[in-house]
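Architecture and fold: a report
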Amino acid sequence: MRPIRPLRPRGPRGTRRLTALLLFAVTALFPTATPAVAAGPTAPSDTSVTSPAAPAALTPVPGQLKPYAVDAVYSAGISSGGYMATQLHVAYSGTFSGSAVFASGPYNCAQNTLSTALNACMNTTQDLQLAQLEQTTRTWSSQGLVDPVANLAGDPVYVFSGSGDATVKRPVADALADYYGRFGAQVRYDRSTAAGHAWISPLGPNSCTVTQSPYINNCGFDAERDLLGHLRGSVAAPSAAPGGSLVRFDQNGYAPGGSAAALSLGAEGFVYVPESCSDGATCSLMVALHGCKQGYGYQGFGTQFVDRAYLNEYADTNDMIVLYPQAAATGTLENPNGCWNWWGYLGDSAYARHGGKQIEAIMGMVRALRGTTPPPAADRVTLSSVDAQDGYVKAAADGTGAAVGTLEDTYGLALGRGTDGKVNRTLLSFDTSAIPAGKEITRAYLTVARSSGSGDPWASPAGNRLLADVTTGCFGGCAVESSDWSAPPTVAGGASIAAFSSGSATSTDLSGSALAALNRGGTTQVRLAFEAAPASTAYLFVNKDTPVTLTVEYR
């Protein structure tokens, strides 16, 4: 069901090379050195403010997310958090009414490619292809992978870029403002200061032009007044100090799969709730997203972003709840600085749209605060494929000479073109009668593990896709047979799996028609096959020692 858009408030209220790229990516968003900054314009005098006293850290109290009377939702973020704020707004524009972003670029800028993230979305050595980003958004909208882009028309968007930001350069932020303008959003773009790479706040301990921890800078004006005034239409003056409650909650229950750490999320998140919202007032909700190296668990950083973002003070006087989700560092090179996922790390190719693991975790938190909570993590079943009925078939590229493969026990299930010149397709059986009766299926996806392989079948030909065909019941008999290679499915291409060279990968969510094809009364078969036959040897074996799984969520 399409989400109902809320009303806005009307008044105040090569391995070595890849390793090097990863190391550069995870350090570049918040470098430790302060860049040299040329003299630049300062904030206009009519926006200057007297800096409040340094905030006293709020003491978090343990609790849970509970529903409030929320009538509008907004997102805001800095750097990787800015990218995530835009991803939330575009992917769920039926829920989010606007966004505010410091130091980041347009939606889907990285296009699931690390080099693009580095060279086009932070630096300017590569064209970020704005027209293509716009078209992809429109295509995804037409496919239901993001909410209708018509929702963006008229939405307020605040963009900030400092001329001293050498991390996400000015033209990248220019492209963000341009991107939103193409969809009719009402953009306010502040590029009036020589700010470094940081969240801008009167409570920032850093001077305006630097780029250093805690990446919160004081530029002599109240950016929160500006961004909140643009998003909401008007804003009341902030309180002298926060008077509400900062609640610490468990993020694991909102993580798809039940493990926050598996998604590079912190175990704990925070929500600031003013007394008025606790007492039943109708309130808006702001989702505030920190940047890299600003998460609660990052090297003792703690609640500095929560305390210094200068949102809680406005929340008190404008009936606004502030949700502070937390990303966390991984123990690997995937994300050691605790950035939000804006380039597709940990194999999440859906990171910027519906089904993106971090996006869905945050959406679960938003729904909990709005009283529209979807099924908790326990309302899912993970089905292992039936080993006795799994297997693979091989044939010439035109489907002739089909035969059942014989190397499953030795290598696993084959996909792509083998050394014998045959093209392999894998058949999987799932007992989908295990889905509880009377439940509405809301989401399903496959997880596969790579055992071995040779070459890159996703690149032969370029852009090749690994697709999952879904059949209600079995393609023929439920045991694998040669005719399964070309048997017509109930739904062709019901999901896809992005390229991966090690470990496991999760498919995109099954399409609506593929969900409908799941056989509630017995077996559902899935056939994995590359869309085009590789031109030369390029294959992989999957799940030699463990079965493929189908995870089904329901309510």
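Here's what I pulled together on the structure shown here. (Residues numbered from 1 in each chain as written. Predicted model: local features only at pLDDT ≥ 70, side-chain atom pairs only at ≥ 80, totals over all residues. Heavy atoms only, no water.)

**Description of helix H2 (residues 80–91)**
Helix length check: H2 (12 residues) gives 16 Å between terminal C-alpha atoms against 16 Å at 1.5 Å per residue, within 8%. Across the 12 residues that make up H2, a large majority, 12, are buried. Turning to H2, its buried residues are Ser80, Gly81, Gly82, Tyr83, Met84, Ala85, Thr86, Gln87, Leu88, His89, Val90 and Ala91. (Helix = DSSP H or I, 4+ residues; strand = E, 2+ residues; numbered from the N terminus. Expected span 1.5 Å × (residues − 1). Buried < 20%, exposed > 50% of the residue type's maximum accessible area, 1.4 Å probe, protein only.)

**Quick notes on the state of the cysteines**
Working definition: the covalent bond between the sulfur atoms of two cysteines is a disulfide. A complete count under the given rule lists five disulfides for this structure. A sulfur-sulfur separation of 2.1 Å characterises the disulfide bridge that pairs Cys109 with Cys121. Its S-S torsion of approximately -100° makes the covalent link between Cys109 and Cys121 left-handed. Of the two residues, Cys109 sits in the loop between strand E3 (96–102) and helix H3 (114–119) while Cys121 sits in the loop between H3 and helix H4 (130–142), which places them 12 residues apart along the sequence. This pair shows no difference in class: Cys109 is buried, exactly as Cys121 is. Two residues share a disulfide in this structure: Cys208 and Cys219, whose sulfurs sit 2.0 Å from each other. Between Cys208 and Cys219 the disulfide shows an S-S torsion of about 85°. By sign, it is right-handed. With Cys208 in the loop between strand E7 (206–207) and strand E8 (216–218) and Cys219 in the loop between E8 and helix H6 (223–232), the pair connects residues that are 11 residues apart, well separated along the chain. With respect to class, Cys208 is no different from Cys219; both count as buried. Once the disulfide-bonded cysteines of the protein chain are ranked by sequence position, their pairing pattern turns out to be 1-2, 3-4, 5-6, 7-8, 9-10. (Disulfide = S-S within 2.5 Å.)

**Re the nonpolar core**
Residues Leu88, Val271, Val287, Ile321 and Leu323 are the most contacted members of the largest nonpolar core, which totals 71 residues. If you tally residues by element for this core, the top one is helix H10 (residues 357–370), at eight residues. Not counting residues up to four positions away in its chain, the partners in contact with Val271 are Leu65, Ser245, Leu246, Val247, Phe249, Ile321, Val322, Leu323 and Leu369. Counting 38 residues, the second largest nonpolar core, distinct from the first, contains Tyr74, Phe221, Ala223 and Met320. (Core = buried A, V, L, I, M, F, W, Y, C linked by side-chain atoms within 4.5 Å. Contact = heavy atoms within 4.5 Å.)

**As for the pairing of strand E11 (residues 283–289)**
Most of E11 is tucked away: seven of the seven residues are buried. One ladder, built from seven bridges, connects strand E2 (residues 70–78) with E11; its direction is parallel. Bridge pairing in E11 places Val73 opposite Leu285. As defined by bridge partners, E11 adjoins strand E12 (residues 320–324) across four bridges and the pair is classed as parallel. (Pairing = 2+ DSSP bridges.)

**Overview of the packing of H4 against helix H5 (residues 170–182)**
Think of two packed helices as two axes; the pair is described by the angle between the axes and how far apart they sit. Orientation of H4 relative to H5, taken along the N-to-C sense of each, is 40°, at an axis distance of 10 Å. Taken together, the axis directions place H4 and H5 in an arrangement best described as oblique. Seen from above, H4 lies across H5 with right-handed handedness. Every residue of H5 that contacts H4 at Leu130, Ala131, Leu133, Glu134, Thr137 and Arg138 is listed here: Ala175, Asp178, Tyr179 and Arg182. Within the contact of H4 with H5, the residues separate by chemical class into five nonpolar, one polar and four charged. (Axes fitted to C-alpha atoms, helices over the stretch in contact; angles between N-to-C directions. Parallel < 35°, antiparallel > 145°, perpendicular 65-115°, else oblique. Left-handed = near helix turned anticlockwise from the far one by under 90°. Nonpolar A, V, L, I, M, F, W, Y, C, P; charged D, E, K, R; others polar.)

Scope: geometric values only; no functional claims are made or implied.
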